[in-house]
Amino acid sequence: VTIDYLREGRYPAPLLACAAVSHIGNSSFVYATALFQEGSCISLGETVHVCVGADGSQPMGDAMRAALNGFRLGTAG
């Protein structure tokens, strides 16, 4: 997990949280996040998720890969 705080958020102004899958590997994927407040980006982040089984990391299944593709960064719809 990495988080870059770009500026301070202010209470009680509402936050807009956005997330998208930025990378899909063989056994892992990364999703990117951004927080916006009052029209400005105040935080960026990335989180790596690894598919694991009894013996450690394992390739993700086709169904999971297809589901993640629907949330890829830069895709519309």
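Above this text sits the structure in question.
In this text, all values refer to a predicted model and were calculated from it rather than measured experimentally. (Residues numbered from 1 in each chain as written. Predicted model: local features only at pLDDT ≥ 70, side-chain atom pairs only at ≥ 80, totals over all residues. Heavy atoms only, no water.)

**Student:** Is there a simple way to explain the overall build of the chain in this structure?
**Tutor:** If you tally the helices and strands in the chain, you get one helix and six strands. A compact globule built from 77 residues should have a C-alpha radius of gyration of about 11 Å, whereas the chain, at 15 Å, is more than 25% larger. Each of the three principal axes of the chain carries a C-alpha extent, and together these read 45 × 30 × 15 Å. For the chain, the residues scored as buried account for 23% of the 77 residues in total. Long-range contacts, defined as pairs at least 24 residues apart, comprise 49% of the intrachain contacts of the chain with a sequence gap of at least 6. (Helix = DSSP H or I, 4+ residues; strand = E, 2+ residues; numbered from the N terminus. Rg over C-alpha atoms; globule rule 2.2 N^0.38 Å. Buried < 20%, exposed > 50% of the residue type's maximum accessible area, 1.4 Å probe, protein only. Contact = heavy atoms within 4.5 Å.)

**Student:** What exactly am I supposed to notice about the nonpolar core here?
**Tutor:** Nonpolar side chains tend to gather and get buried jointly when the protein is soluble and globular. If you look at the biggest cluster of nonpolar residues, it comprises six residues: Val21, Ile24, Phe29, Cys51, Met60 and Leu68. If sequence neighbours within four positions are ignored, methionine 60 has contacts with Ile24, Gly25, Asn26, Ser27, Ser28, Phe29, Cys51, Arg65 and Leu68. (Core = buried A, V, L, I, M, F, W, Y, C linked by side-chain atoms within 4.5 Å.)

**Student:** Help me understand the state of the cysteines, please; the structure alone is not making it clear to me.
**Tutor:** By definition, a disulfide links two cysteine residues through a covalent bond between their sulfur atoms. Considering all chains together, one arrives at zero disulfides under this definition. Cysteine 18 forms no disulfide, and the closest cysteine sulfur to it belongs to cysteine 41, at a distance of 8.7 Å. Taking relative accessible area as the criterion, cysteine 41 reaches 24% and is therefore assigned partly exposed. (Disulfide = S-S within 2.5 Å.)

**Student:** Just to check I follow, could you spell out the environment of leucine 15 for this structure?
**Tutor:** For leucine 15, the position within the fold is in the loop between strand 1 (2-5) and strand 2 (16-24). When the C-alpha atoms of leucine 15 and glutamine 37 are compared, they prove to be 5.0 Å apart, with 22 residues separating the residues in sequence. The residues contacting leucine 15, other than those within four sequence positions of it, are Phe36, Gln37 and Ile42.

**Student:** Teacher, can you tell me more about the pairing of strand 4 (residues 40-50) here?
**Tutor:** A regular strand places its side chains so that they alternate between the two faces of the sheet. Summarising the sheet, strand 1 and strand 4 pair through four bridges and their orientation is antiparallel. Paired with tyrosine 5 across the bridge in strand 4 is serine 43. Bridging between strand 3 (residues 28-37) and strand 4 involves ten bridges; their strand directions are antiparallel. Considered in strand 4, the bridge of serine 28 is made with valine 50. Where strand 3 folds back on strand 4, the antiparallel hairpin that results is connected by two residues, among which glutamate 38 adopts a positive phi of roughly 55°. (Pairing = 2+ DSSP bridges.)

Purely spatial values, then, with no claim about function.
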